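Report on the structure
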Amino acid sequence: MRFRTIVLLAERSLKEAIAPSQLSTFRQAILQQHTRKAPFSYRKMLTAWSNQYNLPLPLSWRSDLSFGWQYIRRHPALMKLLLYYGMLILFLGALQVLFTPFFLILGTPRTLGIALSIGGIGWLLGSLTMGVWGWLKNRVNGILAFATAQELWLMLAGFKASIPLTIIAIFGYLFTYPLISSCNQSLWQSHIPREIQGHVFSIKLMVEWLFLPVGYLAAGVLCDRIFEPLMAINGPLSQSIGQVIGTGPGRGIALFCRLMGSTILGLTLWVSKDNDLR
């Protein structure tokens, strides 16, 4: 039953990504691509970019997709940043699925509502902080620093079966997300020529948010089939890791949260030493 619920959440996210009201807009844009020629100055500029990077001339929707993807592939730093941020989105999707059952195990629906409200306040304050603070000069360092803080909060959520501690961790996790997202977006905007940002950003957003339904689908299956049985009262890890984070219902989700945090910390360490991104 829980797996079916997760599948429905994933389907809903995909439907919301392309709402029916937007289909007519997409259809009209595609028709214009095939029926109208690009202005001479714009076509000349695209031809120059295509020749400079040895990429197909983006004059149709197929070549548009190919142009944006090939541009990212030709720049290893952008490709690594794309995959790194995609992993952050994947874990965000997993957390969205696990958040509700995790809190209902610890407390009541009222507790869940309070936690959701505090988490939303954290997201809002993070957005306001970036708006007041402004951009960082070294955006890569900003992404890595905030991502490290975010995953430390995530690991804290899985440390102990404590409602106040978990609420604090959720607040900190969601507070840092707008900071990471702002640094990431401004980094792309400052390194991609304005004339081709539409071609590149369309591929960027598509690839990044494809990670979200993967997180939806994987989280429930992994926790139900693997992590929860491992952390059961008499489970295989009850006498080892269970002595640290506890055993019983919800402790498998806690272990999964700690594993997600550790994974991102490892990726952050790897990215921090990559010369392409520095």
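Residues numbered from 1 in each chain as written. Predicted model: local features only at pLDDT ≥ 70, side-chain atom pairs only at ≥ 80, totals over all residues. Heavy atoms only, no water.

**Here we look at the side chain of T268**
Note on placement: T268 falls in helix α11 (residues 251-272). Separated by 2.6 Å, the side chains of T268 and Y84 make a polar contact. Setting aside anything within four residues of it in sequence, one finds T268 in contact with Y84, L144, A147 and T148. (Helix = DSSP H or I, 4+ residues; strand = E, 2+ residues; numbered from the N terminus. Polar contact = N/O pair within 3.5 Å; in protein donor to acceptor, adjacent residues only side chain to side chain. Contact = heavy atoms within 4.5 Å.)

**Focus on the nonpolar core**
Membership of the largest hydrophobic core comes to 62 residues, with the highest contact counts inside it found for I72, Y84, F103, W188, I192, V200 and F256. Sorting the residues of this core by element identifies α4 (61-73), α5 (76-106), α6 (109-133), α7 (139-157), α8 (163-191), α9 (197-230) and α11 as the ones contributing at least two each. Among the elements that line this core, the one with the most residues is α5, at 18 residues. Setting aside residues up to four positions removed in sequence, F256 forms contacts with A94, L98, A219, L222, C223 and F227. (Core = buried A, V, L, I, M, F, W, Y, C linked by side-chain atoms within 4.5 Å. Buried < 20%, exposed > 50% of the residue type's maximum accessible area, 1.4 Å probe, protein only.)

**Looking at α11**
Between its first and last C-alpha atoms α11 spans 31 Å; for 22 residues at 1.5 Å apiece the expected length is 32 Å, and the two agree. Along α11, the residues classified as buried are R251, G252, I253, A254, L255, F256, C257, M260, G261, I264, T268 and V271. (Expected span 1.5 Å × (residues − 1).)

**So, the packing of aromatic side chains**
Within the structure shown, the criterion is met by six aromatic pairs. Residues W123 and Y177 carry aromatic rings whose centres are separated by 5.1 Å and whose planes lie at 35° to one another, so their mutual orientation is tilted. One end of the pair, W123, is in helix α6; the other, Y177, is in helix α8, with 54 residues separating them in the sequence. On the basis of relative accessible area, Y177 is assigned to the buried category, the value being 4%. Within the aromatic cluster, the residues linked to one another by ring pairs are Y85, W123 and Y177. Over the face of the ring belonging to W188 we find K204, whose NZ or CZ atom lies 5.6 Å from the ring centre. (Phe/Tyr/Trp six-rings, centres within 6.5 Å; stacked < 30°, edge-to-face > 60°. Lys NZ or Arg CZ within 6 Å of the ring centre and 35° of its normal.)

**Structural notes on the pattern of salt bridges**
Per the stated rule, a full pass over the model turns up one salt bridge. A salt bridge links K204 to E208, with the shortest nitrogen-to-oxygen separation between them at 3.3 Å. Linking K204 with E208, this pair stays in helix α9, spanning four residues, or about one helical turn. Owing to a relative accessible area of 2%, K204 belongs among the buried residues under this scheme. (Salt bridge = Lys/Arg side-chain N within 4 Å of Asp/Glu carboxyl O.)

**Quick notes on a nonpolar patch on the surface**
There is a patch of nonpolar side chains on the surface, built from I121, L124, L125 and L128 and spanning about 360 Å² of accessible area. If you trace the backbone, L128 turns up in helix α6. (Patch = residues over 30% accessible without salt bridge, like charges linked within 9 Å, V, L, I, M, F, W, Y side chains within 5 Å. Areas by Shrake-Rupley, 256 points an atom, 1.4 Å probe, with all protein chains shown as cover.)

**Looking at the environment of Q96**
Following the sequence through the fold, Q96 ends up in helix α5. In this structure Q96 comes out as partly exposed when scored by relative accessible area, which is 41%. Expressed as a C-alpha distance, the spacing of Q96 and Y216, which sit 120 residues apart in the sequence, is 7.7 Å. For Q96, the contacting residues outside a window of four places in its chain are L212 and Y216.

**Brief notes about the packing of α5 against α8**
α8 packs onto α5 with a crossing angle of 155° between their chain directions and a minimal axis gap of 12 Å. Judged by the inter-axis angle, α5 sits roughly antiparallel to α8. Both α5 and α8 take part in a crossing whose hand is left-handed. Of the residues that constitute the contact of α5 with α8, the class distribution is 21 nonpolar, three polar and no charged. (Axes fitted to C-alpha atoms, helices over the stretch in contact; angles between N-to-C directions. Parallel < 35°, antiparallel > 145°, perpendicular 65-115°, else oblique. Left-handed = near helix turned anticlockwise from the far one by under 90°. Nonpolar A, V, L, I, M, F, W, Y, C, P; charged D, E, K, R; others polar.)

**Focus: the environment of L116**
As for its position among the elements, L116 is in helix α6. Here the alpha-carbon distance between L116 and F103, two residues 13 residues apart in the chain, equals 9.9 Å.

**Here's the deal with the packing of α7 against α11**
The interhelical angle for the contact between α7 and α11, taken along N-to-C directions, is 160°, at an axis separation of 8 Å. When the interaxial angle is binned, α7 and α11 end up roughly antiparallel. Handedness of the α7/α11 crossing: left-handed. In contact with L144, A147, T148, E151, L152, L154 and M155 of α7, α11 contributes C257, R258, M260, G261, S262, I264, L265, T268, V271 and S272. Classifying every residue of the contact of α7 with α11 by side-chain character gives ten nonpolar, five polar and two charged.

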